[in-house]
Amino acid sequence: MTETAKPETNAVPAPRLWTPKGFREDDWTHAETAEALSGNGRFILPLQAFLDLDPQVRASARERLGVSLQPGDQLDKIVDLLDQLSLVALAFPAFTDGRSFSKASLLRSRHGFQGAVRATGQVLIDQLPHMLRVGFDEFEISHPVLLKRLEEGRLDGLPVYYQPAADTSAPAGGYSWRRTPSN
């Protein structure tokens, strides 16, 4: 008697790229080494692989070069090199680790980074509105509930905020500290 393989029921879907304009094809590839740059395409390298690149290679590959930062990676290591990047991917390996929120906010507000800031890893439904507010503009989504809601065009979130953020917001009502999103 032969057994047939049962389909995996708890499989996590492959990540899909979402932006505030909706789902789109992802033209970036995560690569482990700088050797990927010898081919055509746009590549997101780990921090150390990016730092190890020859400065001339970094400068000439700017339009097709991104870097991935883990929560423990120091943002200061790339601050002077932001003009050589088109994308910074900030990882959320666990939903309980929010250090990448701070990095996104600093990239936009303190360092004026104009390229794409992408969230990767554990991007959850209740975090997405706040991620948008602190400066993320691209998301690799694999969480099934969030995928479903975004496919339905539902971006839930709180309508009023107490703090300013990287996105612009307007005062709401009679309280100077209350803000509404500017979408």
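These remarks concern the structure in this document. (Residues numbered from 1 in each chain as written. Predicted model: local features only at pLDDT ≥ 70, side-chain atom pairs only at ≥ 80, totals over all residues. Heavy atoms only, no water.)

Strand order in the open sheet formed by eight strands is E2-E1-E8-E7-E6-E5-E4-E3, with mixed pairing between adjacent strands. Both edges of this open sheet fall to strand E2 (22–24) and strand E3 (28–30), since each of them pairs with a single strand only. Going from strand to strand, the sheet's axes swing by 30° on average, the running direction of each strand aside. Bridge count for strand E7 (residues 116–121) against strand E8 (residues 138–141) is two bridges, and the pairing is parallel. For Arg118, the partnering residue across the bridge sits in E8 and is Glu138. Contacts between helix H4 (residues 99–109) and the sheet are confined to strand E6 (87–92) and E7, with E6 contributing the most and set at about 160° to the helix. (Pairing = 2+ DSSP bridges. Helix = DSSP H or I, 4+ residues; strand = E, 2+ residues; numbered from the N terminus. Axes fitted to C-alpha atoms, helices over the stretch in contact; angles between N-to-C directions. Contact = heavy atoms within 4.5 Å.)

Here we take up helix H6 (residues 144–151). Leu146, Leu147 and Leu150 are the residues of H6 that are buried. One face of H6 carries all of its buried residues, which in axial projection span an arc of 105°. Here the buried face of H6 lies against strand E1 (16–19), E2, helix H5 (128–134) and E8. Among the residues trailing H6, Gly153 stands out with phi positive, at a value near 80°. (Buried < 20%, exposed > 50% of the residue type's maximum accessible area, 1.4 Å probe, protein only. Arc of directions from axis to C-beta.)

Below, the discussion takes up the nonpolar core. Ranked by internal contacts, the top residues of the largest apolar core, which has 38 residues, are Phe50, Ile78, Leu85, Val88, Phe136 and Phe139. By residue number, the principal contributor to this core is H5, which donates four residues. Once you skip the residues sitting within four places of it in the chain, Phe136 turns out to touch Leu90, Phe92, Ser100, Phe101, Ala104, Val117, Arg118, Ala119 and Met131. Of all hydrophobic cores here, the second largest spans five residues; its members include Trp28, Leu87, Ala89 and Ala116. (Core = buried A, V, L, I, M, F, W, Y, C linked by side-chain atoms within 4.5 Å.)

Now for the pattern of salt bridges. What the rule picks out here adds up to eleven salt bridges. Here Glu138 and Arg24 are joined by a salt bridge, their closest N and O atoms 2.6 Å apart. Of the two residues, Glu138 sits in strand E8 while Arg24 sits in strand E2, which places them 114 residues apart along the sequence. On the basis of relative accessible area, Arg24 is assigned to the partly exposed category, the value being 34%. Here Arg118 ties to Glu138 by a salt bridge, and the two come within 2.8 Å at their closest N and O atoms. With a gap of 20 residues between them, Arg118 in strand E7 and Glu138 in strand E8 connect regions that are remote in the sequence. Glu138 matches Arg118 in its accessibility class, with the two residues each being buried. Each of Arg24, Asp26, Arg118, Glu138 and Glu140 takes part in one network of salt bridges that share partners. (Salt bridge = Lys/Arg side-chain N within 4 Å of Asp/Glu carboxyl O.)

Looking now at the pairing of strand E4 (residues 42–46). Residues in a regular strand point their side chains to alternate faces of the sheet. With three bridges joining them, E3 and E4 adopt parallel strand pairing. Each residue of the ladder has a partner; that of Thr29, found in E4, is Phe43. Looking at chain direction, E4 and strand E5 (residues 65–69) are connected through four bridges and run parallel. Residue pairing for E5: Leu45 is matched across the bridge by Val67.

Tracing the chain through its elements places Thr120 in strand E7. On the basis of relative accessible area, Thr120 is assigned to the buried category, the value being 8%. Residue contacts for Thr120: discarding those within four places in its chain leaves His30, Ala89, Leu90, Ala91, Phe92 and Glu140.

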